[in-house]
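Summary of the model geometry
The primary structure of each chain is shown beneath.
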Amino acid sequence: MIKLSRRAWNNVIIFSMLILIFLFNSTSNFLNGGVDSEQPSHLIPQDAVIASIDFGDVKVERIGQGWRAVGIDVQLHQLVELNQAWLNATIDNAANELSISQASNSRIVFISVLGQQSPLKFEVFEVNGNTLVLSQQRLYQLIDAPYNSLIIESDK
């Protein structure tokens, strides 16, 4: 057996723990299948519950398990689809050179999420059939989220 002092054995234990921590951290991507960076990011967190969507002249509010619209007459299924469109809006991380200078439509939307004090502010743009969203001074392009699926226009 190797004869080491107590201080030397403590150093051996400390260095072996550091090596194990390094190995665990470096192999986590391998153990998880390497899909950490490929996860699509959503505009609104998936576990969020939307309380209301405010378009200024139209407001959509959650009432229990259902929805109601103030300022417009729409069917319940349209309000459920609107909620799902916002929750499923996926950001295109590969998009670059985004520009809102040629936007054909734009709308400011405030979304209140349960558990948050202040509503989330989004400015939604339609540019050449693509949907762009300005949020917190960042411009995002959305995947499979047409402008019309995120907006309800009033009849006024």
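In case you missed it, the structure is sitting above this.
Residues numbered from 1 in each chain as written. Predicted model: local features only at pLDDT ≥ 70, side-chain atom pairs only at ≥ 80, totals over all residues. Heavy atoms only, no water.

Quick notes on the overall build of the protein chain
- Helix and strand counts for the protein chain stand at three helices and nine strands.
- Across the protein chain, helices and strands are ordered from the amino to the carboxyl terminus as α-β-β-β-β-α-β-β-β-β-β-α.
- Looking at the protein chain as a whole, 28% of its 156 residues are labelled buried.
- Considering only contacts in the protein chain between residues 6 or more positions apart, those separated by 24 or more positions represent 53%. (Helix = DSSP H or I, 4+ residues; strand = E, 2+ residues; numbered from the N terminus. Buried < 20%, exposed > 50% of the residue type's maximum accessible area, 1.4 Å probe, protein only. Contact = heavy atoms within 4.5 Å.)

Considerations on the side chain of S135
- Take S135: it is sitting in strand 8 (residues 130-135).
- Setting aside its immediate chain neighbours within four residues, S135 contacts K121, F122 and Y140.

Structural notes on the environment of Y140
- Among the structural elements, Y140 can be located in strand 9 (residues 138-143).
- Spatially, the C-alpha atom of Y140 lies 6.3 Å from that of I91, the residues being 49 residues apart in sequence.

Regarding the nonpolar core
- Core analysis: the biggest nonpolar cluster contains 31 residues, and L43, I53, F55, W86, I111, F122 and V124 have the highest contact counts within it.
- The set of elements that each furnish at least two residues to this core consists of strand 2 (50-54), helix 2 (76-88), strand 6 (105-113), strand 7 (120-127), strand 9 and helix 3 (147-150).
- With five residues, the single largest contributor to this core is helix 2.
- What L43 contacts, discounting residues up to four positions off in sequence, is W86, A89, I91, F122, V133, Y140 and L142. (Core = buried A, V, L, I, M, F, W, Y, C linked by side-chain atoms within 4.5 Å.)

Some thoughts on helix 2
- Spanning 13 residues, helix 2 covers 18 Å between terminal C-alpha atoms, matching the ideal 18 Å at 1.5 Å per step.
- For helix 2, every residue scored as buried is listed here: L79, L82, N83, A85, W86 and L87. (Expected span 1.5 Å × (residues − 1).)

Focus: the packing of aromatic side chains
- Counted by the stated rule, this structure contains one aromatic pair.
- Judged by centre distance (5.5 Å) and plane angle (35 degrees), the rings of W86 and F122 are tilted. You can see W86 sitting in helix 2 and its partner F122 sitting in strand 7, a full 36 residues away along the chain. Like W86, the residue F122 is buried in the burial classification. (Phe/Tyr/Trp six-rings, centres within 6.5 Å; stacked < 30°, edge-to-face > 60°.)

With respect to the sheet that holds strand 4 (residues 66-70)
- Across the sheet, which stays open at both edges, the nine strands sit in the order 1-5-9-8-7-6-2-3-4 with antiparallel pairing between neighbours. Each edge of the open sheet is held by one strand with a lone partner, namely strand 1 (41-42) and strand 4.
- When strand 7 meets strand 8, the two strands line up antiparallel, connected through five bridges. Bridge pairing in strand 8 places E126 opposite T131.
- Across the face of the sheet, helix 2 comes into contact with strand 1, strand 2, strand 3 (59-63), strand 4, strand 5 (90-91), strand 6 and strand 7 while running at roughly 100 degrees to strand 4. (Pairing = 2+ DSSP bridges. Axes fitted to C-alpha atoms, helices over the stretch in contact; angles between N-to-C directions.)

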